[in-house]
Each structure stands twice: as C-alpha cells, then as structure tokens.
Amino acid sequence: MTQNKAEPLRRTYDAAPGPKLVAVGDCARSGAAFADAYGMAGAVRDIALVDVEIAGCSPRPEAIVESVRKPTGR
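As the structure is a computational prediction, the values presented were derived from the model and not from experiment.

Rules and cut-offs
- Residues numbered from 1 in each chain as written.
- Predicted model: local features only at pLDDT ≥ 70, side-chain atom pairs only at ≥ 80, totals over all residues.
- Heavy atoms only, no water.
- Buried < 20%, exposed > 50% of the residue type's maximum accessible area, 1.4 Å probe, protein only.
- Helix = DSSP H or I, 4+ residues; strand = E, 2+ residues; numbered from the N terminus.
- Arc of directions from axis to C-beta.
- Salt bridge = Lys/Arg side-chain N within 4 Å of Asp/Glu carboxyl O.
- Core = buried A, V, L, I, M, F, W, Y, C linked by side-chain atoms within 4.5 Å.
- Contact = heavy atoms within 4.5 Å.
- Patch = residues over 30% accessible without salt bridge, like charges linked within 9 Å, V, L, I, M, F, W, Y side chains within 5 Å.
- Areas by Shrake-Rupley, 256 points an atom, 1.4 Å probe, with all protein chains shown as cover.

Draft legend 1. Here's a closer look at helix α1 (residues 3-15). Inspection of α1 places Ala6, Leu9 and Tyr13 among the buried residues, and these make up the whole buried set. Looking straight down α1, one finds that the buried residues subtend no more than 70° of arc, so they occupy a single side. Every exposed residue of α1 that faces more than 90 degrees away from the buried side is listed here: Asn4, Arg11, Thr12, Asp14 and Ala15.

The structure is reproduced here in structure tokens:
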C-alpha cells in the first residue's frame, strides 16, 4: 500500500458495507518485494481491516472466487 493510496483506502473502507476488503496477492498481503521501498505505507492490513487475504503471485482465479464467496456464504 503506497502512502498516496492509504488515505483514500481508509475513506472508502469507512463508506463501504461489509464484508469490505479482500487483499489479493502477496504484494497486497505483505508488500512482498516492495515492502521496504520508498513511499510504501505497509501491507493493506496495516491500513484497514482485511476480511480475506489470498496468497500467491499472482493467485489462481479459482482461489480468488473461492475466497470472495466464503465471507458472504454464497
């Protein structure tokens, strides 16, 4: 999560109904190779509560669909 996107994410998170946030891929989950880069504010979970994290670089489409369906029960 870059510093420039952190505040817009907070505002969007506050305005959205739940479940709210899915972190897709290793970069969103941990920052991966960019974790210590200039301008990074940390992982998405450092900025807002993440309902679902999907591992992978990049995650398989099936994993994304399955993970998004779990919190809603659909």
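Draft legend 2. Local environment of the pattern of salt bridges. Enumeration according to the criterion identifies 5 salt bridges in this entry. Across the salt bridge formed by glutamate 53 and arginine 29, the nearest N and O atoms sit 3.3 Å from each other. Of this pair, glutamate 53 sits in strand β2 (residues 52-54) while arginine 29 sits in helix α2 (residues 26-30), placing them 24 residues apart in sequence. On the basis of relative accessible area, arginine 29 is assigned to the partly exposed category, the value being 25%. The shortest N-O distance in the salt bridge between glutamate 62 and arginine 60 comes to 3.4 Å. Taken together, the shared-partner salt bridges connect Asp26, Arg29, Arg45 and Glu53 into one network.

Draft legend 3. Highlighting the nonpolar core. Met1, Ala6, Leu9, Tyr13, Leu21, Ala23, Ala28, Val44, Ile47, Ala48 and Val50 form the largest nonpolar core, which has 11 residues in total. Sort the elements by how many residues they give to this core and α1 lands first, with 3 residues. Sequence-distant contacts of valine 44, that is, excluding residues within four places in its chain, are made with Met1, Leu9, Leu21, Ala28 and Val50.

Draft legend 4. Examining a nonpolar patch on the surface more closely. Together, Val22, Val24 and Val68 make up an exposed nonpolar region whose accessible area comes to about 200 Å². Counting through the fold element by element, valine 22 comes out in strand β1 (residues 22-24).

Draft legend 5. Main features of the environment of glutamate 7. Its location among the elements puts glutamate 7 in helix α1. Under the relative-accessibility criterion, glutamate 7 is labelled partly exposed at 37%. Sequence-wise, glutamate 7 and glycine 18 are 11 residues apart; in three dimensions their C-alpha atoms are separated by 19 Å.

All we've got here are geometric facts, nothing functional implied.
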